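What follows is each chain in one-letter form.
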Amino acid sequence: MNFLVVGPGAMGCLFASHLKRAGIDVTLLDYRQDRADFINEHGIRVEGVTGNHTVKVPVVVGKSSDIPEVILICVKANQTQRAADALKSWVGDRAYILTVQNGLGNVDILQDIFGRERVLGGITAEGATLMGQGHVRHAGQGDTIIGPQGDPDGPVSRTITDFNRAGFSARAVDNVEDLIWSKLIINVGINALTAITRLKNGRLPHVDGTRSIMEEAVKEAVAIVREKGINLSYPDPLARVLEVCEATADNIASMLQDVLRQGTTEVDYINGAIVREGEKLGLPTPVNQTLTSLVRAIQETYDQQQVPFPSSSQE
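Before going into details, it helps to say that this report is about the structure given with it. (Residues numbered from 1 in each chain as written. Predicted model: local features only at pLDDT ≥ 70, side-chain atom pairs only at ≥ 80, totals over all residues. Heavy atoms only, no water.)

### Here we look at the pattern of salt bridges
Alright, step 1. Enumeration according to the criterion identifies 14 salt bridges in this entry.
Alright, step 2. Here arginine 211 ties to glutamate 215 by a salt bridge, and the two come within 2.8 Å at their closest N and O atoms. Taken together, the residues span about one helical turn, with arginine 211 and glutamate 215 both in helix H7 (residues 208-228) at a distance of 4 residues.
Alright, step 3. What you see here is one network of salt bridges that share partners, running through Lys76, Asp258 and Arg261. (Salt bridge = Lys/Arg side-chain N within 4 Å of Asp/Glu carboxyl O. Helix = DSSP H or I, 4+ residues; strand = E, 2+ residues; numbered from the N terminus.)

### Quick look at helix H1 (residues 10-21)
Alright, step 1. Here H1 is 12 residues long and its end C-alpha atoms lie 17 Å apart, about the 16 Å a rise of 1.5 Å per residue gives.
Alright, step 2. The buried count for H1 comes to 9 of 12 residues, which makes it a mostly enclosed element.
Alright, step 3. Buried within H1 we find Ala10, Gly12, Cys13, Leu14, Phe15, Ala16, Ser17, His18 and Leu19.
Alright, step 4. Where H1 ends, the next residue or the one after it, glycine 23, has phi of about 85°, a positive value. (Expected span 1.5 Å × (residues − 1). Buried < 20%, exposed > 50% of the residue type's maximum accessible area, 1.4 Å probe, protein only.)

### Here's the deal with the packing of aromatic side chains
Alright, step 1. All chains considered together, the criterion is met by 4 aromatic pairs.
Alright, step 2. Look at phenylalanine 3 and phenylalanine 163: their rings are 5.8 Å apart centre to centre, the planes differ by 20°, and that puts the pair in the stacked class. Of the two residues, phenylalanine 3 is situated in strand S1 (residues 2-6) and phenylalanine 163 in helix H5 (residues 155-165); the sequence distance between them amounts to 160 residues.
Alright, step 3. By relative accessible area, phenylalanine 3 is classed as buried at 1%.
Alright, step 4. Residue class for phenylalanine 163 comes out buried when judged on its relative accessible area of 0%.
Alright, step 5. Within the aromatic cluster, the residues linked to one another by ring pairs are Phe3, Phe15, Phe163 and Phe168.
Alright, step 6. Geometry around tyrosine 31 places arginine 82 over its ring, the cationic atom sitting 5.1 Å from the centre. (Phe/Tyr/Trp six-rings, centres within 6.5 Å; stacked < 30°, edge-to-face > 60°. Lys NZ or Arg CZ within 6 Å of the ring centre and 35° of its normal.)

### Details of the layout of surface pockets
Alright, step 1. Of the voids in this model, the second largest pocket is the one considered here, and its volume is about 710 Å³.
Alright, step 2. Taken together, 36 residues line the second largest pocket, and the ones lying closest to its centre are Val107, Asp108, Gln111, Glu177 and Ile180.
Alright, step 3. Among the residues making up the lining of the second largest pocket, the classes are represented as 13 nonpolar, 13 polar and 10 charged. (1 Å grid on protein atoms, 1.4 Å probe; cavity = no way out; pocket = protein on both sides within 12 Å on 5 of 7 lines; lining within 4 Å. Points joined across faces, edges and corners; volume = space filled by probe spheres on them. Nonpolar A, V, L, I, M, F, W, Y, C, P; charged D, E, K, R; others polar.)

### Quick word on the sheet that holds strand S8 (residues 119-124)
Alright, step 1. Spatially, 8 strands are ordered S5-S2-S1-S6-S7-S8-S11-S12 in an open sheet, and the strand pairing comes out mixed. The open sheet has two edge strands, strand S5 (59-61) and strand S12 (169-172), and neither has a second partner. Mean inter-strand twist for the sheet, computed between neighbouring axes without regard to direction, equals 25°.
Alright, step 2. Those strands touched by helix H3 (residues 80-91) are S1, strand S2 (25-30) and strand S6 (70-73), and its axis lies near 145° from that of S1. (Pairing = 2+ DSSP bridges. Axes fitted to C-alpha atoms, helices over the stretch in contact; angles between N-to-C directions. Contact = heavy atoms within 4.5 Å.)

### Observations regarding unusual backbone geometry
Alright, step 1. With omega at 0°, the peptide bond leading from glycine 147 into proline 148 counts as cis.
Alright, step 2. Here proline 148 is to be found in the loop between strand S11 (143-147) and H5.
Alright, step 3. Located in the positive-phi region is glutamine 262, a residue other than glycine, with phi close to 55°.
Alright, step 4. Inspection of the secondary structure puts glutamine 262 in the loop between helix H9 (254-260) and helix H10 (271-281).

### Re the pairing of S1
Alright, step 1. When you tally the buried positions in S1, you get 5 out of 5 residues, the bulk of the element.
Alright, step 2. Residues Asn2, Leu4 and Val6 line one face of S1 and the alternating positions Phe3 and Val5 line the opposite face, and both faces are buried.
Alright, step 3. Pairing of S1 with S2, which is carried by 5 bridges, proceeds in the parallel orientation. By the bridge assignment, asparagine 2 is partnered in S2 with aspartate 25.
Alright, step 4. Following the chain from S1 across H1 to the adjacent parallel S2, one finds a crossover that is right-handed.
Alright, step 5. Sheet topology places S1 next to S6; 4 bridges connect them, and they run parallel. (Right-handed = clockwise from strand over helix to strand, strands pointing away.)

### Side note on the environment of proline 237
Alright, step 1. Within the fold, proline 237 resides in helix H8 (residues 237-247).
Alright, step 2. Note: C-alpha distance between proline 237 and glycine 115 (122 residues apart in sequence) is 32 Å.
Alright, step 3. Here proline 237 is in contact with Ile185, Val218, Val222 and Leu232, once residues within four sequence places are set aside.

### Overview of the nonpolar core
Alright, step 1. Membership of the largest hydrophobic core comes to 57 residues, with the highest contact counts inside it found for Val6, Ile71, Leu87, Phe114 and Trp181.
Alright, step 2. For this core, the element with the most residues is helix H6 (residues 176-197), which contributes 11 residues.
Alright, step 3. Leave out the neighbours within four places in its chain, and valine 6 touches Leu29, Ile71, Leu72, Ile73, Cys74, Val75, Ala83 and Leu87. (Core = buried A, V, L, I, M, F, W, Y, C linked by side-chain atoms within 4.5 Å.)

### Some words on the sheet that holds strand S9 (residues 127-132)
Backbone-to-backbone hydrogen bonds pair the strands of a sheet. The strands run either parallel or antiparallel.
Alright, step 1. Strand order in the open sheet formed by 4 strands is S4-S3-S10-S9, and the pairing between neighbours is mixed. With one partner strand each, in any of the chains shown, strand S4 (53-55) and S9 form the two edges of the open sheet. Across the sheet, the axes of successive neighbouring strands diverge by a mean angle of 25°, strand direction being ignored.
Alright, step 2. Here 4 bridges tie strand S3 (residues 44-48) to strand S10 (residues 135-140), and the two strands are oriented parallel to one another. Paired with glycine 48 across the strands is histidine 138, a residue of S10.
Alright, step 3. Where H1 meets the sheet, its contacts fall on S3, S4, S9 and S10, and the angle it forms with S3 comes to roughly 95°.

Structure below.
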């Protein structure tokens with residue numbers, strides 16, 4: 001398969017570098033010429049659980065000279081509309097669009113622009129932290145699941161083959177909505193809390209305050225899942241969130257990464273999505289509303305936040 005990976009962030013660099021190392025045709029798409037030039041010159045540097053390596057992956061700005069077979073969307077959820085609009089102007093109707101982004105609504109945006117039959121959804125449990133331009137730490141491995149499965153010789157099957165060849169643990173399912181909601185519940189329990197407290201994932205279950213808020217946020221989300229008839233991929237949602245916290249104990253969650261570099265977060269597509277769904281169904285979501293509001297407040301006041309005074313001895 002011929003891949004175009006959109007977005008040179010942590011996940012985009014991770015997937016592009018692994019695909020390239022496996023000998024698969026891949027190009028990375030950026031919107032910043034300076035960053036594209038840097039990565040073209042220095043390559044993508046990966047460190048972590050799959051070893052340390054540097055891979056030269058071609059990076060283009062604006063559009064690729066070749067039409068890819070699969071376009072992998074790895075931008076933040078708040079950038080999906082803009083990225084899709086830009087792609088639509090030149091990809092034509094030949095490429096399949098695959099999203100493994102966090103949050104709710106990405107598939108809907110892409111389907112509105114490219115058509116339902118060309119959009120594939122999915123999730124990934126790969127953990128990655130962006131350390132700098134074209135520099136990513138592969139913090140943990142996990143399943144990558146996409147769908148709908150479709151024809152045994154179709155794009156999903158061939159994409160799965162290439163992902164597995166590149167070292168990812170990939171498989172296909174038919175019901176993508178259940179899959180996305182299963183990932184969303186985990187993000188609801190973890191991401192906003194890390195962004196607010198600046199704690200790593202593994203600490204959240206062991207601090208009384210974060211543990212109790214996590215439980216309530218997940219409970220609100222599960223009430224919506226039950227009302228919508230969503231079948232989660234695990235029997236006990238809170239137990240699964242706690243399990244993920246422990247499995248990714250040393251991870252810096254993506255929303256905390258955004259806050260640490262004073263960027264825009266995906267809270268409106270995670271906890272904010274729970275609030276919107278609750279309003280539609282008439283279900284209360286006060287904890288998710290509070291988490292959403294706090295993260296919004298943090299990202300709107302980066303230039304006003306106080307820093308601690310240097311420690312000094314008392315005389």
